[in-house]
Amino acid sequence: MNGKFFTSRRVISVAILVAFLAQACTISLLENPFGSSSSTQEPVEVIPSATPYPVAQTTFIVTLPEPLQGNETLSIAVLDEVTGLSLNATHYPMSARDSLTYTATLPLPYNSIVKYHYIRRGASQVSEDSSLGAVVRYRLHHAVGPGEVQDIIADWSDKTYARPTGTILGQVFNANTGSPIPGILVSAGGVQHITDSMGRFELTGLPIGTQQLIAYSLDGMYQPFQQGATVAEGKTTIVDLRVVPSRLVNVTFIVSVPKDTVPGVPVRIAGNILQLGNTFADLLGGVSVNTDRMPIMSLQPDGRYAITLGLPVGAHIQYKYTLGDGFWNAEHKATGEWNLRELIVPEQDITLEDGVATWLAATNSAPILFEAAVPSVTPPGDIIYIQFNAFGWMEPIPMWPLGNNRWAYKLYGPLNFLGSFAYRYCRNGQCGSADDNQTAGASPSGRQASTSLLGQDIKDTVGSWKWFENPEPPTLVGANITPRASTFVAGVEYQPAYHPNYSYYAPQAFANTKAIGSNLAVLSPTWTHTSISPLRLETVPGQDPLWIDSAIMISQARALGLNVALFPTPRFPASPSDFWLDAPRDAQWWQTWFTRYRAFAVNYADLASQTGAQILILGGDWAAPAVPGGTLPDGNPSNTPADVEAQWRAIIQDVRGHFKGQVFWAMPHTQSNLETPVNFLLDVDGIYLLWSIPLSTSQSATKSDYANEAGRVLDNEVAPLASLLGKPVILGVAYPSAAGAQTGCIPNGAGGCFDFSDLSRPKADVPAVSLNLQTQADIYEAMLTAVNARSWISGFVSRGYFMPVALQDKSTSIFSKPAADILWYWYPRLLGIVQ
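Residues numbered from 1 in each chain as written. Predicted model: local features only at pLDDT ≥ 70, side-chain atom pairs only at ≥ 80, totals over all residues. Heavy atoms only, no water.

**Topic: the packing of aromatic side chains**
Going through the model one piece at a time under the given rule, you end up with 48 aromatic pairs. Centre to centre, the rings of Phe388 and Tyr409 are 6.5 Å apart; their planes meet at 45 degrees, and the pair counts as tilted. Linking Phe388 in strand S26 (residues 384–389) with Tyr409 in strand S29 (residues 406–411), this pair joins segments that are 21 residues apart in sequence. Each member of the pair, Phe388 as well as Tyr409, is classed as buried. Arranged with centres 5.9 Å apart and planes meeting at 70 degrees, the rings of Tyr597 and Phe600 form a pair that is edge-to-face. Of this pair, Tyr597 and Phe600 both sit in helix H5 (residues 587–611), three residues apart, which is roughly one turn of the helix. On the basis of relative accessible area, Phe600 is assigned to the buried category, the value being 0%. A cation sits over an aromatic face here: Arg427 above Phe468, 4.6 Å from the ring centre. One Lys or Arg, Lys466, reaches over the ring of Trp467 and ends 4.5 Å from the middle of that ring. (Phe/Tyr/Trp six-rings, centres within 6.5 Å; stacked < 30°, edge-to-face > 60°. Helix = DSSP H or I, 4+ residues; strand = E, 2+ residues; numbered from the N terminus. Buried < 20%, exposed > 50% of the residue type's maximum accessible area, 1.4 Å probe, protein only. Lys NZ or Arg CZ within 6 Å of the ring centre and 35° of its normal.)

Next up, the structure:
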């Protein structure tokens, strides 16, 4: 047994769960599939009471940065990540030992994982944050028995303190095999970090003193590790953590539902681990679980629902049954309170028989049935979602299909506090991008509804979808296409934007990619620069895919016969331009930057190696300031260090030590890149040339004009580079479906050009830019014509594909646009599949 075994097991277990979830839309809803004539279909009404777990009396002792004011109090908030961190917290008042020290003793279930933080109350409620100004999402404690927890509050969100700090740096290993473990959440002092492929983590800005350090497995596949760690001023405490793997047992959940439950609708389990839909992210409205990632239970002949899941022994599971997510249509106690169930997974298989008392939070608001008729052009594989606005737009919920382009959803609760509220419809959960035209955009007023003592049936008609009003197929023109060698790449690159529900729609995206004849899927996973100085590059859940998310998507693509390339791309808080211009770029900063990027590259080299991806792509257009002779977006030198060439060569060598496939370098087409290539390009296997160059400045230019200009540039500028390096060149082509795309510059009104990514979803629409689907299709046909005449070009990739939903918008995505039909014609012929 080795470390790879456990990583693979985690991939397999979650992949099976994702495959199960994909069956959601095959259920015939609003009808009991077992018929309605037999009395055995009535739900079982017996609701056994849960047996409480023994509790460990745990005393929390916290040190404040300064004394409280006379009108202020302190409390510890125990958080519920299943309902939503801000939606169902339990607050315990704390007592003063002295002006800076407060305590509270809480009864915590043995072996539970408690998520908590501290709240200061006065004229307003103030939460704690780190010494670097980051919000403390929560602290973690593993309640293995009675004891004390010593905490230090670094800062409050409304104040800033100058205090000495230090760092904890280390790695997490499998205690049995010694292998490093990715995807472990390590926390101390409210600062969190998710380990990379080498098990590495770094917790910076910690107040000096003893901090409680805990390593927590997001899927429970490893037992929690907890110990104290001493933090000294200006020092780095080095620690190695060894966590014990857990074996799986079968846990069967059987639940009876209230009689007023619509027959046949999907019942899900929402919970606090990855397998139960927790994303460990701050999603819309303060929720963390995502409906699309939850397991769906099966309706039984007796009217109950059941599912068997493999869960890790010893894992602390908090869960609830739901017809929506952890907030909307989740179960309540008969008294109206949220019902959050607890389970410590035992050593042996177990069957749990539960009963939902009610979906209603109160009896003074009756359920509301929403019915929506949608346009006939709605793609048959789409799922319609409904999104509610209670205190801001929340995560969309999938509706129930009725057939004939009709969808329904019955909202039971919580309706006790809403009064009037807003809602809207969207496709595939992409509210803000794939909207009902009546309620389009990020912040619409929405359709309006009000709660009532009487049940309501609201019937709506979606007149048209934003960016999918009246899709029409293009007219294809035949061409004499020369088949290429088997090594030719015909690919699609997916845009790096990410949301946790994208993984639900990834199989559909890969199937569509395969259907147009592609042989390569290029995934662009991200880490985020959460700070420029001090420099941090790390996984941010909900914005960057977790290791397991990327592994599952690679597995799904390969299962369809697609080769896979990974193109890891840093994500910047504002823009790459702002990042580089604001960075100190002194010698120490550059050394840190190369160290961070090396870890980033090696992480995805390991992922590629363990999942069977064939290509790893380094670099990108964002990296121009970091190469030899690099320049900033404003044209000034970027002050790269003298050893910049050696730094890149060392990174490439390190990557090759972890990955035996092909390593490509991505760079934009620029005159300087092509005329004076950097020497480290000799160390890679090929060039991924990012191509969005001007093809014509004339609005009356034809496809032939575009093809001629592309051919001229390829012959005069790119071919010499390919010959010099002796490396294959793959074109990564990105042009938006917008007027003026052929010029390579769509004016931004400020004397510059829009970055083409500015037109991508889920970013807001740019009204000043005009939609033109045909221009994009013409450019693609012209580019392929130019490639067809040049056998030395080794591949063609369409960049910017929007994975979750078809949109005929202004972006570079070709999903369901005329440009996709161009590829459908050309790709199979270039690959020799169609003669």
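**Here's the deal with the sheet that holds strand S21 (residues 305–312)**
Ordered by their spatial adjacency, four strands build an open sheet running S20-S21-S18-S24, and the pairing between neighbours is mixed. Only two strands of the sheet have a single neighbouring strand rather than two, namely strand S20 (298–299) and strand S24 (350–355). Bridge count between strand S18 (residues 248–256) and S24: six bridges; the pairing is parallel. Its bridge partner lying in S24, Ile254 is registered against Glu353. (Pairing = 2+ DSSP bridges.)

**What about the sheet that holds strand S1 (residues 55–63)?**
Reading across from one edge, S4-S5-S1-S9 is the order of the four strands in this open sheet, with mixed pairing throughout. Taken across any chain shown, the strands that pair with only one partner, and hence form the sheet edges, are strand S4 (95–96) and strand S9 (147–152). In the sheet, S1 pairs with strand S5 (residues 101–109) via nine bridges, with the strands oriented antiparallel. Bridge assignment links Ile61 to a residue of S5, and that residue is Thr103.

**Focus: the confidence of the model for the protein chain**
Predicted confidence across the protein chain gives a mean pLDDT of 91, with 94% of residues reaching 70 or more. Within the model, pLDDT remains below 50 along residues 1–49, and this stretch shows 101 contacts once partners closer than five positions in the same chain are excluded. (pLDDT = per-residue confidence, 0-100. Contact = heavy atoms within 4.5 Å.)

**Quick word on the state of the cysteines**
Taken as a whole and judged by the stated rule, the model has two disulfides. Sulfur-sulfur distance for the disulfide between Cys426 and Cys431 comes to 2.0 Å. Of note, the bridge from Cys426 to Cys431 carries an S-S torsion of about -75 degrees and is left-handed in sense. The burial state of Cys426 is the same as that of Cys431; both residues are buried. (Disulfide = S-S within 2.5 Å.)

**Considerations on the side chain of Ser217**
For Ser217, the position within the fold is in strand S15 (residues 209–217). Polar contacts involving the side chain of Ser217 include one to the main-chain amide nitrogen of Met221, which spans 3.1 Å. A distance of 3.5 Å separates a polar atom in the side chain of Ser217 from the backbone nitrogen of Tyr222. (Polar contact = N/O pair within 3.5 Å; in protein donor to acceptor, adjacent residues only side chain to side chain.)

**Describing the nonpolar core**
Among the nonpolar cores identified, the biggest contains 200 residues, and Phe253, Phe370, Trp593, Trp648 and Trp691 are the most heavily contacted of them. With 11 residues, the single largest contributor to this core is H5. In contact with Phe370, other than residues within four places in its own chain, are Ile386, Phe388, Met399, Trp407, Ala408, Tyr409, Leu411, Phe421, Tyr423, Tyr425, Ala449 and Ile458. Within the second largest apolar cluster, 21 residues are counted, among which are Val62, Val78, Ile153 and Tyr161. (Core = buried A, V, L, I, M, F, W, Y, C linked by side-chain atoms within 4.5 Å.)

**Description of the pattern of salt bridges**
Following the criterion strictly, the structure yields 34 salt bridges and no others. With a shortest N-O distance of 3.0 Å, Lys810 and Asp765 are connected by a salt bridge. Residue Lys810 is found in the loop between strand S42 (793–801) and helix H10 (818–830), and its partner Asp765 is found in the loop between strand S41 (729–733) and helix H9 (773–788); the two are separated by 45 residues along the sequence. Within the structure, one salt-bridge network assembled from shared partners comprises Glu81, Lys115, Arg137 and Asp282. (Salt bridge = Lys/Arg side-chain N within 4 Å of Asp/Glu carboxyl O.)

**Description of the environment of Leu360**
Counting through the fold element by element, Leu360 comes out in the loop between S24 and strand S25 (368–373). Residue Leu360 is classed as buried on the basis of its relative accessible area of 19%. For the pair Leu360 and Gly189, spaced 171 residues apart in sequence, the C-alpha separation works out to 38 Å. Contact partners of Leu360, with chain neighbours within four places excluded, come to Asp260, His332, Ser365, Pro367 and Tyr412.

**Side note on helix H6 (residues 644–658)**
Under the 1.5 Å per step criterion, the end-to-end length of H6 is 22 Å for 15 residues, consistent within 8% with the ideal 21 Å. By the burial criterion, the buried members of H6 are Val644, Glu645, Gln647, Trp648, Ile651, Ile652 and Val655. Projected down its long axis, H6 carries its buried residues within an arc of 165 degrees, all on one side. Across from the buried face of H6, at angles greater than 90 degrees, the exposed residues are Gln653 and Gly657. Looking at the buried positions of H6, the neighbouring elements they touch are H5, strand S38 (615–619) and strand S39 (662–668). (Expected span 1.5 Å × (residues − 1). Arc of directions from axis to C-beta.)

**What to know about unusual backbone geometry**
Of the consecutive residues Gly413 and Pro414, the connecting peptide bond is found in the cis state with omega at 0 degrees. Within the secondary structure, Pro414 is located in the loop between S29 and strand S30 (420–427). A cis geometry characterises the amide bond from Arg761 onward to Pro762, with omega recorded as 10 degrees. Within the element layout of this structure, Pro762 appears in the loop between S41 and H9.

**A few points about the packing of H5 against H6**
Interaxial distance between H5 and H6 falls to 8 Å at its minimum, and their mutual angle equals 20 degrees. Looking at the two axes, H5 sits roughly parallel to H6. In the crossing of H5 with H6, the sense of the turn from one axis to the other is right-handed. On the side of H5, the interface is formed by Gln591, Trp593, Phe594, Tyr597, Arg598, Ala601, Val602, Ala605, Asp606 and Ser609, while H6 contributes Val644, Gln647, Trp648, Ala650, Ile651, Asp654, Val655 and His658. (Axes fitted to C-alpha atoms, helices over the stretch in contact; angles between N-to-C directions. Parallel < 35°, antiparallel > 145°, perpendicular 65-115°, else oblique. Left-handed = near helix turned anticlockwise from the far one by under 90°.)

**Some thoughts on the side chain of Thr261**
Tracing the sequence through the fold places Thr261 in the loop between S18 and strand S19 (268–271). For Thr261, a relative accessible area of 8% puts it in the buried group. A distance of 2.8 Å separates a polar atom in the side chain of Thr261 from the backbone oxygen of Pro258. If sequence neighbours within four positions are ignored, Thr261 has contacts with Leu323, Trp359 and Tyr412.

**Structural notes on the packing of H9 against H10**
Following both chains from N to C, one finds H9 and H10 inclined at 15 degrees, their axes separated by 8 Å at the closest point. Between H9 and H10, the crossing angle belongs to the class labelled roughly parallel. Viewed along their axes, H9 and H10 form a crossing whose handedness is right-handed. Counted together, Leu773, Gln776, Ala777, Tyr780, Glu781, Leu784, Thr785 and Asn788 of H9 and Pro818, Ala819, Ile822, Leu823, Trp826 and Leu830 of H10 form the full contact between these two elements. When its residues are assigned to classes, the contact of H9 with H10 shows 10 nonpolar, three polar and one charged. (Nonpolar A, V, L, I, M, F, W, Y, C, P; charged D, E, K, R; others polar.)

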